[in-house]
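What follows is each chain in one-letter form.
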Amino acid sequence: MGKLIIDGIETEAAPSKTVLEVARELGIKIPTLCSHPSLPPYGSCRICVVEAIWKGRSKLHTACTFPAWEGEIRTDSEPVRRLRRNILELMLAEAPEAEDIRALAREFGVEQTRFPVREEKENKKCIMCGLCVRVCQDVVGFAAIGFENRGYRREIAAPFREPSDACTACGACSFVCPTGAIDRRLFAKVEPKPIPSEFDQGTTSRPCIYTPFPQAVPNKPVIDTRNCVYFKNGNCQVCAKVCVPRAVDYEQQDEVLEEEVGAIVVATGFDLFDMKTYGSYGLHRHPDVMSGLDFERLLSASGPTKGEVRRPSDGKVPKRVIFVKCAGSRDAEQGMPYCSKVCCMYSAKHAILYKHRVPDGEALVFYIDVRTAGKDFEEFYKRATDEGVNYVRGKVSKVFRRGDKMVVWGSDTISGRKLEVEADLVVLATAMVPDRSALELARMLKIQHNAHGFFTEAHPKLRPVETATAGFYLAGAAQGPKDIPETVAQASAAASKVLELFSRKELTHDPNVAAVDEDLCSGCGICVDVCPYKARELIERKDGKGWVIKVTEVLCEGCGACSAACPVGACQQANLKDKQIEQMARAGLQD
Amino acid sequence: MADKLKVDSGSRLRFGFYWAASCGGCEIAVLDVNEKILDVVANADILFWPVAMDTKYEDVRAMPDGHMDVCFFNGSIRNSEAKEIAQLLRKKSKVLVAFGSCAHHGCIPGLANLHNRREVFDTAYHREPSLDDSAGTEPKTKTRVKEGDLSLPEFFDHVFPLDRVVDVDYYLPGCPPPVPLILNAVTAIFEGNLPAKGAVLAPVKALCDECARNKHVAKKMPDIRRTWEIQADPEECFLEQGIICMGPATRAGCETRCINGNSPCTGCLGPTPEVTDQGAKMISALGSILKVDAEKEMSEEETKALLDKVKDPVGTFYMYGLASAIINHRRGK
């Protein structure tokens, strides 16, 4: 194999590649317009033209279509520059309004074109490179646009110049167009539907292949098969084409892994209260009313505004932000009766961070109580007030829009006044509720939970990380609202409990279990599903005459549900038989 | 107990039958024994049987104590007459058997315990539309007429099962007791093979044990339906079809006679040995399986609506057992 010299740099000739590819590998910049990695080279825009010298003869050729044979290539010689200037002049005549072309022309010293502008051409940004047509046809497979007419009348258009159903507004054409010439409204009947980013709480959009969030574990992209073009019509596959290690595999399936384990730590976390019962607060209705979690994203350097506090409706920097605490918490009628515990501190944090980002802004916090029970918490709250965050004691009754402001109606219970405050942004400290998957998991694992769906620990004081079922442990907000330090502490405790369980040579079990009296059991089956621990099953009797319950005693936790359910008293808990309880009741009532 | 049945006069046993507050079905059940009754008669003398023989209370009073070997007593204790005769027969019998559900648990007459004597009289003698109540007549224990004083037994405020007024040796459950159980009991008496005192002369298991329907599954009850609301599948468990069947909480021994007629068990054989209160046990059992898959999502109103589908809770769960239940009559007004 011979040598190839590009701009004086010597390399191996590689005829399977193009000059453009080899030059790019060497870090040599060649301008391109109609090239895209998802499509084979086409050579239509000619801007990548280079001078190829072989055996003393030179010729000009597009780098994107010229194989990297042996010889010499000059990418920036005077003939090349001259030709590119000519090409750019022609492009300026073709697309006089294309800013990208003007900029490129300026790079080559071209300011004016000597050629007449095609006045009758509608799209004055299009250079007719055809990349959009090829992407629509060969990549996404919709073939919704094409070339119309011939020669000097040629243009890019949808059939009959009418928006069509074939176009799904996927945006591939605009994405690849080198001059920003695409007006999708000419092609599509439908509006594009950006896919909201789950991690950014829907404030930004994301592609169909994406890494869920910056610190995702594993930190690898996933494909959204509901929206991906490949999963719709088998086309596109651009991500697979551009991925250098060839890691994209469309055939990969979701896998269900079965593992045998000795213990399970349930850490399903939390969700936000949906605020449906708080219509008057306007969440989901006004873009400038958001949850604390939305505001957290807004403050984040990796968030939708790169950490600048800008309100969603018009992108303005809000000059007054109202934080509403207990939005859904401590409200047995409309929301949740419990305290969500973390909101006081994160609202203080949000208010402080807001003041740092917008020093002339005003932060106002409506609160019922400020609960700062935690190490350094009270000091942090003090810092918030010292830094100028205003705290108003009272509930908010209504949030509504007036002009471009949000108006908050609330009360100040200290001065005894009704308040009406205008704000640019309202942040609700919405209540913490269990993750929506928790209930299903509770049913699957038969772990008890309270009325709100938080998992119940075996003992509120003495066994706070264990469940009533042996081998199941709890960590974090799955068990109840808690902050990060508490969650970490509980998770560490759960991990230690698991290790302690695993380190034992023999496992012990409470003898207070419910057995079955086979002489009484009629095999009705009522107790089987009642047992939360799956300790009971219906089996055929040894003599083949009917059915009887079999109890796996080590699974029984002695909860007594079966004793209550058994209509004949065949299953009764050791030491707590019905007749014993009856005697206890009689003895107790004798006084 | 068997030694109680050793008799004085040759080998012939002396029997007595009596009915207190009952419908008479138990007497028919005795006759349902059919030709087997002849074996009984061949080996026994019936000394007292008001429904079939012309015998008087005076004849019983004249007997020496313990003269009768076995007395079958059916009917519950509704008035002073039933109580007095129960005490008399207790004295004159070696073995007293509470025969049938009324004597055993109070049965249908026991449902009157939802009311007191006043309310029963008002309904029966004053508010009954077919009665002329212009004279306000109602039964009185003593009435003076010109010929002298007339007396009637005292109507009690509440109904009692037999064992609340006298000591009972055995119980033959059922409304009426199933013929096989009667025959077993009589055979055991003749063979001197009776179990320990206080026993219920029926199997210890619940009816599900005898029931041939498909029921060997983890039981769930999808809804509460009444028998007329659906055409019950005769192969499937009633509870699985939403129909309340007292079978799981009721003694076996009837050979599923109601269920064979595609009608759910109403519980006439009473609870199994470990259970004190049949109705409470059944309510507890149903509470454990009724709509368990949906109950977490159900609102309180929906739960109440579901429970309201039990149109007559006492009549459903305590049709036979109210008078012997833990709460055996209505308290207060």
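Computed from a predicted structure; not experimentally measured.

Reading guide: rules and limits
Residues numbered from 1 in each chain as written. Chains lettered and ligands numbered in written order. Predicted model: local features only at pLDDT ≥ 70, side-chain atom pairs only at ≥ 80, totals over all residues. Pairing = 2+ DSSP bridges. Helix = DSSP H or I, 4+ residues; strand = E, 2+ residues; numbered from the N terminus. Axes fitted to C-alpha atoms, helices over the stretch in contact; angles between N-to-C directions. Buried ≥ 20, exposed ≤ 12 C-beta atoms within 10 Å, placed from the backbone. Contact = placed C-beta atoms within 7 Å. Left-handed = near helix turned anticlockwise from the far one by under 90°. Nonpolar A, V, L, I, M, F, W, Y, C, P; charged D, E, K, R; others polar. Expected span 1.5 Å × (residues − 1). Arc of directions from axis to C-beta.

*Asks:* Quick rundown of the sheet that holds strand S2 (residues 44-48) of chain B? Include the residues and the values.
*Replies:* Residues and elements named next belong to chain B. If you walk across this open sheet you meet the five strands as S2-S1-S3-S5-S9, and the pairing is parallel. Two strands lie at the open edges of the sheet, namely S2 and strand S9 (170-172), each paired on one side alone. Strand-to-strand twist in this sheet, taken as the mean axis angle between neighbours without regard to direction, amounts to 30 degrees. Where strand S5 (residues 93-99) and S9 come together, three bridges link them in parallel fashion.

*Asks:* Just give me the short version of the environment of B:Val165, but keep the residues and values in it.
*Replies:* Residue and element names in this part refer to chain B. Structurally, the position occupied by Val-165 is in the loop between strand S8 (155-160) and S9. Judged by the 18 C-beta atoms lying within 10 Å of it, Val-165 falls in the partly exposed class. Along the chain, Val-165 and Ala-82 lie 83 residues apart, while their C-alpha atoms are 9.7 Å from each other. What Val-165 contacts, discounting residues up to four positions off in sequence, is Ile-77, Lys-83, Ala-86, Gln-87 and Phe-160.

*Asks:* Talk me through the packing of helix H8 (residues 292-299) of chain A against helix H9 (residues 343-357) of chain A; I want residue IDs and the actual numbers.
*Replies:* Residue and element names in this part refer to chain A. One can describe the packing of H8 onto H9 by two numbers: an axis separation of 11 Å at closest approach and a directional angle of 35 degrees. When the axes of H8 and H9 are compared, the crossing they make is left-handed. Counting all contacts with H8, which are made through Gly-292, Phe-295 and Leu-299, the residues of H9 involved are Cys-343, Tyr-346, Ser-347, His-350 and Leu-353.

*Asks:* Describe the interface of chain B and chain A, listing the residues and the values that go with them.
*Replies:* Chain B puts 24 residues into the contact, and the matching count from chain A is 22 residues. For the side of chain B that touches chain A, the class distribution of residues is 12 nonpolar, five polar and seven charged.

*Asks:* Please provide a residue-by-residue account of helix H2 (residues 78-94) of chain A, values included.
*Replies:* Residue and element names in this part refer to chain A. Spanning 17 residues, H2 covers 24 Å between terminal C-alpha atoms, matching the ideal 24 Å at 1.5 Å per step. For H2, the full list of buried residues reads Arg-84, Ile-87, Leu-88, Met-91, Leu-92 and Glu-94. Buried residues of H2, viewed axially, fall in a sector of 150 degrees; they line one side. Exposed residues pointing more than 90 degrees away from the buried face of H2 are listed as Glu-78 and Arg-82. Tucked into the core, H2 has its buried residues touching strand S4 (49-54) and helix H3 (99-107).

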